[in-house]
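The residues making up each chain are set out below.
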Amino acid sequence: MAVPTAAPPRRSGPGAPGGRDRYDAAESGEIPDAEAHIGAEVRGLIRDRGLDPTREPAISRALIAGVVADYQARTLTARLPPLGDPGLVAGRLFDTLAGLGPLQRYLDDPTVEEIWINEPSKVFIARAGRNELTTTVLTADMVRDLVERMLKPTGRRIDLSHPFVDATLPDGSRLHVAIPDATRIHWSVNIRKFVVRARDLDDLVELGTLPAVAGRFLAGLNILVAGATQAGKTTMLNCLTAAIPVRERVITCEEVFELQVRLPDVVGLQTRQPSLEGTGEITLRALVKEALRMRPSRIIVGEVRQQECLDLLIALNSGLPGMCSIHANSAREAVTKMCTLPLLAGENIGSRFVVPTVAGAVDLVVHLGTDASGARRVREIVAIPGRAENGIVEIEQLFITRDDRLIRAEGYPPHRDRFERVGIDLGALLSGRRVRPDPAQAAVDGSGGH
């Protein structure tokens, strides 16, 4: 596919990175002939032996180390270019063959949350919610090669007819790519890493994302998780699924696989792009409809953005428990958005149906955000008691943020019977007495929602 090729990035001046890493030399053509020779020899041996570096990393590392050691020994008796740091050369070759080359060290770094490329000379990472411009400098060809390598095992494609693509990498990270002419000149690449810091609600309490009393009554209800990008919505959904009784059958619907539901009876569904002929597309709305035919005990939608919101509401209104996430700046705006998105499904869908359906189907809204330090926090939790007036869904504040602390508000959660079904004494919960549900009883009941 023909795309604009960026000019080689400058290494000086106001826009240049502040330093050079081991890949800077590669971009500028300064790699010694020694490394090029070693790389060619390693590739030949891997091809002859039929090795797959991604599946046989130990054997591949040993092969690379052997070739590097052999070359280093030959430099003592023959006129060969100096090798430099053998460990650096071996690491770079392995990253190129088995990983994502110059980006691999950021994927291996547990403190890095996201990696993105605005243009070949500008590679950014995020740590603790803060953006950093790295010293890594690539070329346009290197960016294209990296994207092709990442997309190859996913079966997804990107071209002029489909200039955007979402995919999941083998480690669970989410990939998004946009190319010209959807972008101005350069390929835009985002890799959002799947960094496991919390597996259940207790972990979120330990991390300070929410207080214990706020986390203990979230199980067993229809919950809408709202917030901005990178606010922690997927992590919250994953932690909420840990409170689902083990006897339930869970069906998840996502654009790309991100949810990690650790239950014995789970089926995950994801969307699919159309073919070159424009056929075969699987939308999120189609997944929600199919999920209802799979005997679910609970349905979870990774994120609602369009018409699929209507099908999810219909499912929830029919008594099927569920959860989803949505982009919104507050809990109130999340409820308003849930009342608006179903209208995209067709002219025959009106507010007179949608608003009372939202009021009756959604129990709680959990809104997340980031504080000044970049830490993710629950900003508010509101209940929807089931009433709507003049086209507006009523809400009750359960927890609100004051002075960067989530504190108890005056509202009271609806549907006391649903808490009792999973062994939670709601009165004791909100009064501060022992409120932890009995897991054995919840498993026996086999139900945490409607």
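Worth saying up front: this structure is predicted, and the values here are computed from it rather than measured.

Cut-off values and rules
Residue numbering note: each chain is counted from 1, following its sequence as written. A pLDDT threshold of at least 70 governs which residues receive local features in this predicted model, and a stricter bar of 80 or more applies before side-chain atom pairs are shown or counted, although totals over entire chains, interfaces and linings include all residues. Computation of side-chain values covers all heavy atoms of the structure but excludes hydrogens and water. To qualify as a helix, a DSSP run of H or I must reach at least 4 residues; to qualify as a strand, a run of E must reach at least 2; elements of each kind are numbered from the N terminus. Whether a residue is buried, partly exposed or exposed follows from its accessible area with a 1.4 Å probe, protein chains only, as a fraction of its type maximum: under 20%, in between, or over 50%, in that order. Any two residues whose heavy atoms approach within 4.5 Å at even a single point are treated as in contact. Accessible surface is estimated by sampling points in the Shrake-Rupley manner with a 1.4 Å probe; for residues, cover comes only from the protein chains shown. A pairing counts as a salt bridge when a side-chain nitrogen of Lys or Arg comes within 4 Å of a carboxyl oxygen of Asp or Glu. Strand pairing is defined by DSSP finding a minimum of two bridges between the two strands. Here the axes come from fitting lines to C-alpha atoms, over the contacting stretch only for helices, and the angles between their N-to-C directions go from 0 to 180 degrees. The pLDDT score gives, residue by residue, the confidence of the prediction method on a 0 to 100 scale. In these notes, a set of buried Ala, Val, Leu, Ile, Met, Phe, Trp, Tyr and Cys residues joined through side-chain atoms within 4.5 Å is what counts as a nonpolar core.

Quick look at the overall build of the chain now. When helices and strands are tallied, the chain shows 16 helices and 17 strands. In the chain, which comprises 450 residues, the share counted as buried stands at 47%. Relative to all contacts within the chain whose residues are 6 or more apart in sequence, the contacts with residues 24 or more apart total 55%. Surface summary for the chain: the accessible area is close to 21,600 Å², and the carbon and sulfur share equals 50%.

Let's shift gears to the pattern of salt bridges. Enumeration over the complete set of coordinates arrives at 19 salt bridges. Across the pair Arg74 and Glu41 runs a salt bridge whose closest N-O atoms are separated by 3.8 Å. With Arg74 in helix α3 (residues 57-74) and Glu41 in helix α2 (residues 33-49), this pair connects stretches of sequence that are 33 residues apart. Owing to a relative accessible area of 29%, Arg74 belongs among the partly exposed residues under this scheme. Under the relative-accessibility criterion, Glu41 is labelled partly exposed at 27%. The residue Glu394 makes a salt bridge to Arg387 at a minimum N-O spacing of 2.8 Å. Owing to a relative accessible area of 41%, Arg387 belongs among the partly exposed residues under this scheme. Ionic contacts of the salt-bridge type, sharing partners, join the residues Asp166, Arg174, Glu255 and Glu258 into one network.

It is worth spelling out the sheet that holds strand β4 (residues 164-168) at this point. Sheet architecture is open: six strands sit in the order β3-β2-β1-β6-β5-β4, paired in antiparallel fashion. Either end of the sheet is taken by a strand with one partner, and the two such strands are β3 (130-133) and β4. For this sheet, the mean inter-axis angle between neighbouring strands, taken without regard to orientation, is 15°. Bridge count for strand β2 (residues 122-127) against β3 is four bridges, and the pairing is antiparallel. Counterpart to Arg127 in the pairing with β3 is Arg130. Running over the sheet, helix α6 (residues 140-151) touches β1 (112-119), β4, β5 (174-178) and β6 (188-192) and is turned about 45° from β6.

Moving on to the confidence of the model for the chain. On average, residues of the chain score 82 in pLDDT, and 86% of them reach the 70 mark or higher. Note that pLDDT drops below 50 for residues 1-32; the model gives that stretch 62 contacts with residues more than four away or on any other chain. Note that pLDDT drops below 50 for residues 433-450; the model gives that stretch 47 contacts with residues more than four away or on any other chain.

The next subject is the sheet that holds strand β8 (residues 250-254). Strand order in the open sheet formed by nine strands is β9-β8-β10-β11-β7-β12-β13-β16-β17, and the pairing between neighbours is mixed. With partners counted over all chains shown, the strands left at the sheet margins are β9 (266-270) and β17 (405-408), one partner each. With direction set aside, neighbouring strand axes in the sheet form an average angle of 20°. Inspection of the sheet shows β8 paired to β9 by five bridges, in the parallel sense. Following the sheet pairing, Val250 is matched in β9 by Val266. Contacting β8, β9 and β10 (298-301), helix α10 (residues 284-291) runs over the sheet at an angle of about 170° to β8.

For the rest of this paragraph, the subject is the nonpolar core. Counting 39 residues, the largest nonpolar core has Cys253, Val358 and Val365 as the members making the most contacts within it. Listing elements by their share of this core, those giving two or more residues are β7 (223-227), β8, α10, β10, α11 (308-317), β11 (322-327), α12 (331-340) and α13 (351-361). In terms of residue count, the dominant contributor to this core is α11 (six residues). Setting aside residues up to four positions removed in sequence, Val365 forms contacts with Leu224, Ala226, Ala331, Ala334, Val335, Glu380, Ile381, Val382 and Ile384. One finds Leu218, Ile244, Val261 and Phe399 within the second-largest nonpolar core, a separate group that totals 33 residues.

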